[in-house]
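# An overview of the molecular structure
Now for the letters of each chain:
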Amino acid sequence: MTPTPTPSQADAATVPATTAPGASASEQSMEMLRLLSGFQQSQALYALVKLGVAAALHGGPMTVGELAKTTETDADALGRLLHILSGIGVVARRGADAFALTPLGSTLVADTPGSVRDVALMWMETHYAPFSELVTTVRTGVPAATAHFGQPFAEWLGAHPEHLPVMASAMANMTYGPKDAVLSGYRLPAGEVVADIGGADGSVLARLLAGEPGRRGIVLDMEHVVPAAHARLADQGMAGRVEVQAGDFFESVPTADVYLLSTVLHDWDDVSCARILGRIAEAAPHGARLVVVETVLSEGDEPHASKLFDLTMLGMVPGHERRETEFAALFAGAGFTLDRRVPGPVDSPFAIFEATLTR
């Protein structure tokens, strides 16, 4: 039975997490307008990336006129955009007519610590339009992307390879940005061969094997992803000891000592996850280790990145973010016993689960 909230709990539940308790109706209305304007803000940030404004400002403050000339944009519109974005901390005014990039804004520049530049491009170019169908999702359970594209997102992406480079770069952004806190200092379980199943461009495997020259790796993903993996591994100096295989993890996976699944399971429903884990169990020797890097869904009402990631899942794919107990149940169904959870920092939604094939 669901417990009845106390008066204080009930009152708190009516106040948005980003407004102070006791906020007036006017203050709450303004906060709701801020939330509703999110689609406009995301497009403004996209413009900053796509037009090269963030990259230009990375070299130091510039006047609006200089920026407009450098980026071939309209000075009036650009100046208004920068003034608007100064209100959310992405840029800061320097003098009467110049702007500088803030540390937050620098995450929109390629090859900077914590960069999510390519995530910005990916979300706006492949995710933004499908979310116009979120009402369809909530009404029917069909992912918004499927409703928008007329086919599942993964199939649409395979038919539109022009989006694959930015997708691969976005995954690398996540590896060296939001995931970095949980991957930093982590050492894989013992085993000579590590297979990264659904490993995209191999950036996570490359990161984890970088300090372990005695190990070999395998990256398995769909055929249209293989070129990105070859490029990434060559760039990381790992091409000599990481093999790239084209394949379908629903059909078969290679034999290995350790299996890595990095933000793969959240793309799929429980039945599909059971198939993926089942294929691993069929190919793996007894005692093989499973390493799963995933977002762990927050349990409470507090603002949490896992909830925003789950919104992405709701709109784009059949899967969802999961709680620890749900991961344990998936593992057990395929014959894996959960050994431990390696949490990230308090402010990170990511964790690493280790399990052993015991059946």
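Let me sum up the structure you'll find in this document. (Residues numbered from 1 in each chain as written. Predicted model: local features only at pLDDT ≥ 70, side-chain atom pairs only at ≥ 80, totals over all residues. Heavy atoms only, no water.)

## Points about the pattern of salt bridges
The test is simple: The salt bridge definition used is simple: a Lys or Arg side-chain nitrogen within 4 Å of an Asp or Glu carboxyl oxygen. Only protein chains enter the accessibility calculation, which uses a 1.4 Å probe; a residue whose area is less than 20% of its type maximum is buried, one above 50% is exposed, and one in between is partly exposed. A run of H or I in DSSP becomes a helix once it reaches four residues, and a run of E becomes a strand once it reaches two; helices and strands are each numbered from the N terminus.
Applying the stated criterion to the full structure yields 17 salt bridges. Note that Glu212 is salt-bridged to Arg215, the shortest N-O span being 2.8 Å. For the residue pair Glu212 and Arg215, the accessibility class agrees, reading buried in each case. Of the charged contacts in the structure, one is a salt bridge between Arg275 and Glu251, with a shortest N-O distance of 3.9 Å. You can see Arg275 sitting in helix α15 (residues 270-283) and its partner Glu251 sitting in the loop between β6 (242-246) and β7 (258-262), a full 24 residues away along the chain. A residue is classified by how much of its surface remains accessible, and Arg275, at 37% relative accessible area, is partly exposed. One salt-bridge network, held together by shared partners, links Arg289, Asp339, Arg340 and Glu354.

## Considerations on helix α6 (residues 75-86)
Inclusion rule: Here a helix's expected span is defined as the number of its residues, less one, multiplied by 1.5 Å. Note that the arc is defined by the directions from the helix axis to the C-beta atoms. In what follows, a contact means two residues having at least one pair of non-hydrogen atoms within 4.5 Å. Two N or O atoms count as a polar contact when they lie within 3.5 Å, although within protein this holds only if one can serve as hydrogen donor and the other as acceptor, and sequence-adjacent residues are included solely when both atoms are side-chain atoms.
The end-to-end C-alpha separation of α6 is 16 Å, in line with the 16 Å expected for 12 residues at 1.5 Å each. Of all the residues in α6, the buried ones are Leu78, Gly79, Leu81, Leu82 and Leu85. In a view along the axis of α6, the buried residues occupy a sector of 160 degrees, so they form one face of it. Opposite its buried face, α6 presents the exposed residues Asp76, Arg80 and Ile84, each directed more than 90 degrees away. For α6, the secondary structure elements touched by its buried residues are α3 (38-50), α4 (53-57), α5 (64-71), β2 (91-93) and β3 (98-101). Capping of α6 at its N-terminal end is provided by Asp74; its side-chain oxygen lies 3.2 Å from the backbone amide nitrogen of Asp76.

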